[in-house]
Amino acid sequence: MKTAPPNESRGNYFALPRFIRKLRGGNATRSEGNWLEAYVLGAVVYLISYLFTANLLLPKLNWWQTAIALPLLLFGLWISWLIVLYINSLIAKGCQSVGVCADLPRRRVQSVLMGILTTIFAAQLLTAGPWLRAIGALWIIAVALNLAAALLLALFHDEQS
(Lines give C-alpha, C1' and ligand atoms only; values in the text may rest on other atoms or scores of the structure.)
Protein backbone atom coordinates (compact mmCIF):
# COMPACT_ATOMS: atom_id res chain seq x y z
CA MET A 1 0.00 0.00 0.00
CA LYS A 2 1.44 3.35 -1.05
CA THR A 3 1.34 6.15 1.51
CA ALA A 4 1.23 9.85 0.71
CA PRO A 5 4.12 12.12 1.67
CA PRO A 6 3.55 13.86 5.02
CA ASN A 7 2.16 17.11 3.60
CA GLU A 8 0.43 15.64 0.55
CA SER A 9 -2.54 14.15 2.39
CA ARG A 10 -3.37 17.17 4.55
CA GLY A 11 -3.71 20.06 2.16
CA ASN A 12 -2.33 23.55 2.49
CA TYR A 13 -3.33 26.70 4.34
CA PHE A 14 -2.24 29.16 1.67
CA ALA A 15 -4.07 29.51 -1.61
CA LEU A 16 -1.06 29.38 -3.95
CA PRO A 17 0.07 25.84 -3.07
CA ARG A 18 -3.59 24.71 -3.05
CA PHE A 19 -4.10 26.20 -6.51
CA ILE A 20 -0.91 24.60 -7.83
CA ARG A 21 -2.03 21.28 -6.36
CA LYS A 22 -5.43 21.68 -8.03
CA LEU A 23 -3.78 22.44 -11.40
CA ARG A 24 -1.75 19.23 -11.04
CA GLY A 25 -4.92 17.20 -10.49
CA GLY A 26 -4.79 16.98 -6.69
CA ASN A 27 -7.22 18.31 -4.14
CA ALA A 28 -7.28 21.93 -3.03
CA THR A 29 -8.32 21.27 0.55
CA ARG A 30 -7.56 23.99 3.08
CA SER A 31 -5.70 22.76 6.11
CA GLU A 32 -3.97 24.34 9.07
CA GLY A 33 -2.02 21.17 9.79
CA ASN A 34 0.83 21.64 7.33
CA TRP A 35 3.83 22.07 9.62
CA LEU A 36 6.25 22.85 6.80
CA GLU A 37 4.20 25.84 5.64
CA ALA A 38 3.89 27.11 9.20
CA TYR A 39 7.62 26.90 9.96
CA VAL A 40 8.77 28.34 6.63
CA LEU A 41 6.31 31.22 6.76
CA GLY A 42 7.10 31.92 10.41
CA ALA A 43 10.81 32.09 9.60
CA VAL A 44 10.21 34.37 6.61
CA VAL A 45 7.95 36.72 8.62
CA TYR A 46 10.56 36.89 11.39
CA LEU A 47 13.35 37.48 8.85
CA ILE A 48 11.48 40.32 7.15
CA SER A 49 10.66 41.99 10.45
CA TYR A 50 14.28 41.54 11.62
CA LEU A 51 15.67 43.03 8.40
CA PHE A 52 13.14 45.88 8.55
CA THR A 53 14.12 46.75 12.13
CA ALA A 54 17.85 46.31 11.53
CA ASN A 55 17.59 48.53 8.46
CA LEU A 56 16.06 51.25 10.64
CA LEU A 57 18.72 50.94 13.36
CA LEU A 58 21.98 50.19 11.54
CA PRO A 59 22.53 53.51 9.78
CA LYS A 60 22.36 55.29 13.14
CA LEU A 61 24.84 53.06 14.99
CA ASN A 62 28.62 52.67 15.07
CA TRP A 63 30.10 49.28 14.19
CA TRP A 64 30.53 48.25 17.82
CA GLN A 65 27.00 49.35 18.68
CA THR A 66 25.75 47.33 15.72
CA ALA A 67 27.61 44.24 16.95
CA ILE A 68 25.85 44.56 20.30
CA ALA A 69 22.45 45.57 18.92
CA LEU A 70 21.92 42.82 16.33
CA PRO A 71 21.84 39.88 18.78
CA LEU A 72 19.72 41.90 21.23
CA LEU A 73 17.38 42.71 18.37
CA LEU A 74 16.52 39.01 18.02
CA PHE A 75 15.17 38.90 21.56
CA GLY A 76 13.54 42.33 21.38
CA LEU A 77 11.80 41.42 18.16
CA TRP A 78 10.49 38.18 19.65
CA ILE A 79 8.97 40.13 22.56
CA SER A 80 7.56 42.69 20.11
CA TRP A 81 5.87 39.94 18.07
CA LEU A 82 4.28 38.55 21.24
CA ILE A 83 2.83 41.98 21.96
CA VAL A 84 1.68 42.36 18.32
CA LEU A 85 -0.01 38.96 18.44
CA TYR A 86 -1.83 39.93 21.63
CA ILE A 87 -2.97 43.24 20.09
CA ASN A 88 -4.04 41.36 16.94
CA SER A 89 -6.14 39.01 19.06
CA LEU A 90 -7.86 42.01 20.66
CA ILE A 91 -8.48 43.58 17.24
CA ALA A 92 -9.88 40.29 15.91
CA LYS A 93 -12.10 39.90 18.96
CA GLY A 94 -13.31 43.50 18.59
CA CYS A 95 -14.03 43.04 14.88
CA GLN A 96 -16.05 39.91 15.56
CA SER A 97 -17.97 41.51 18.41
CA VAL A 98 -19.23 44.29 16.11
CA GLY A 99 -20.01 41.86 13.29
CA VAL A 100 -17.02 42.50 11.01
CA CYS A 101 -15.47 39.20 9.87
CA ALA A 102 -17.96 37.38 12.11
CA ASP A 103 -17.95 34.27 9.91
CA LEU A 104 -14.14 33.89 9.96
CA PRO A 105 -12.25 32.15 12.76
CA ARG A 106 -10.28 34.55 14.94
CA ARG A 107 -6.97 32.88 13.99
CA ARG A 108 -7.71 33.65 10.32
CA VAL A 109 -8.31 37.34 11.10
CA GLN A 110 -5.04 37.41 13.06
CA SER A 111 -3.26 35.79 10.12
CA VAL A 112 -4.52 38.51 7.80
CA LEU A 113 -3.41 41.24 10.21
CA MET A 114 0.07 39.71 10.49
CA GLY A 115 0.25 39.45 6.70
CA ILE A 116 -0.65 43.12 6.35
CA LEU A 117 1.99 44.18 8.88
CA THR A 118 4.67 42.00 7.26
CA THR A 119 3.77 43.39 3.83
CA ILE A 120 4.20 46.92 5.18
CA PHE A 121 7.65 45.92 6.45
CA ALA A 122 8.49 44.35 3.08
CA ALA A 123 7.33 47.49 1.26
CA GLN A 124 9.69 49.53 3.42
CA LEU A 125 12.52 47.18 2.44
CA LEU A 126 11.93 48.19 -1.19
CA THR A 127 13.62 51.50 -0.39
CA ALA A 128 16.73 49.84 1.12
CA GLY A 129 19.81 48.27 -0.46
CA PRO A 130 19.62 45.82 -3.37
CA TRP A 131 19.44 42.55 -1.44
CA LEU A 132 16.91 43.94 1.05
CA ARG A 133 14.93 45.26 -1.89
CA ALA A 134 14.95 41.77 -3.44
CA ILE A 135 13.65 40.18 -0.22
CA GLY A 136 10.90 42.78 0.08
CA ALA A 137 9.95 42.34 -3.56
CA LEU A 138 9.84 38.54 -3.23
CA TRP A 139 7.45 38.83 -0.28
CA ILE A 140 5.16 41.24 -2.11
CA ILE A 141 5.18 39.05 -5.24
CA ALA A 142 4.38 35.97 -3.13
CA VAL A 143 1.48 37.79 -1.45
CA ALA A 144 0.15 38.97 -4.83
CA LEU A 145 0.38 35.45 -6.27
CA ASN A 146 -1.34 34.02 -3.21
CA LEU A 147 -4.17 36.56 -3.52
CA ALA A 148 -4.55 35.79 -7.23
CA ALA A 149 -4.66 32.06 -6.46
CA ALA A 150 -7.29 32.67 -3.76
CA LEU A 151 -9.39 34.59 -6.27
CA LEU A 152 -9.07 31.82 -8.86
CA LEU A 153 -9.94 29.15 -6.30
CA ALA A 154 -13.01 31.16 -5.29
CA LEU A 155 -14.09 31.62 -8.92
CA PHE A 156 -13.67 27.94 -9.75
CA HIS A 157 -14.93 26.68 -6.41
CA ASP A 158 -15.63 23.00 -5.97
CA GLU A 159 -16.31 20.84 -2.92
CA GLN A 160 -12.63 20.42 -2.06
CA SER A 161 -11.33 24.00 -2.20
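Residues numbered from 1 in each chain as written. Predicted model: local features only at pLDDT ≥ 70, side-chain atom pairs only at ≥ 80, totals over all residues. Heavy atoms only, no water.

## A few points about the confidence of the model for the chain
Part 1 of the argument: Across the chain, the average pLDDT comes to 85, with 91% of residues at or above 70.
Part 2 of the argument: Confidence, expressed as mean pLDDT per element, reaches its minimum in the chain at helix 1 (residues 15–23) with 84 and its maximum at helix 5 (residues 130–155) with 93.
Part 3 of the argument: Note that pLDDT drops below 50 for residues 1–9; the model gives that stretch six contacts with residues more than four away or on any other chain. (pLDDT = per-residue confidence, 0-100. Helix = DSSP H or I, 4+ residues; strand = E, 2+ residues; numbered from the N terminus. Contact = heavy atoms within 4.5 Å.)

## Thoughts on the environment of Q124
Part 1 of the argument: By the secondary structure assignment, Q124 is in helix 4 (residues 106–125).
Part 2 of the argument: A relative accessible area of 34% means that Q124 is categorised as partly exposed.
Part 3 of the argument: Distance in space between the C-alpha atoms of Q124 and L56 is 9.8 Å, their sequence separation being 68 residues. (Buried < 20%, exposed > 50% of the residue type's maximum accessible area, 1.4 Å probe, protein only.)

## Comments concerning the packing of aromatic side chains
Part 1 of the argument: Within the structure shown, the criterion is met by three aromatic pairs.
Part 2 of the argument: Between W35 and Y39, the ring centres sit 6.3 Å apart and the planes meet at 65 degrees, which makes this aromatic pair edge-to-face. Taken together, the residues W35 and Y39, both in helix 2 (residues 35–57) and four residues apart, mark about one turn of the helix.
Part 3 of the argument: A residue is classified by how much of its surface remains accessible, and W35, at 45% relative accessible area, is partly exposed.
Part 4 of the argument: Ring plane angle 40 degrees and centroid distance 5.9 Å describe the contact between F75 and W78, whose orientation is recorded as tilted. Residue F75 and its partner W78 are located together in helix 3 (residues 63–97), separated by three residues, close to a single helical turn. (Phe/Tyr/Trp six-rings, centres within 6.5 Å; stacked < 30°, edge-to-face > 60°.)

## Some remarks on the nonpolar core
Part 1 of the argument: Of all hydrophobic cores here, the largest spans 15 residues; its most connected members are I48 and L125.
Part 2 of the argument: Contributing elements (two or more residues each) for this core: helix 2, helix 3, helix 4 and helix 5.
Part 3 of the argument: Per element, the largest residue contribution to this core is six residues, and it comes from helix 2.
Part 4 of the argument: Not counting the four nearest positions on each side in its chain, I48 is found in contact with T118, F121, A122, L125, I135 and W139. (Core = buried A, V, L, I, M, F, W, Y, C linked by side-chain atoms within 4.5 Å.)

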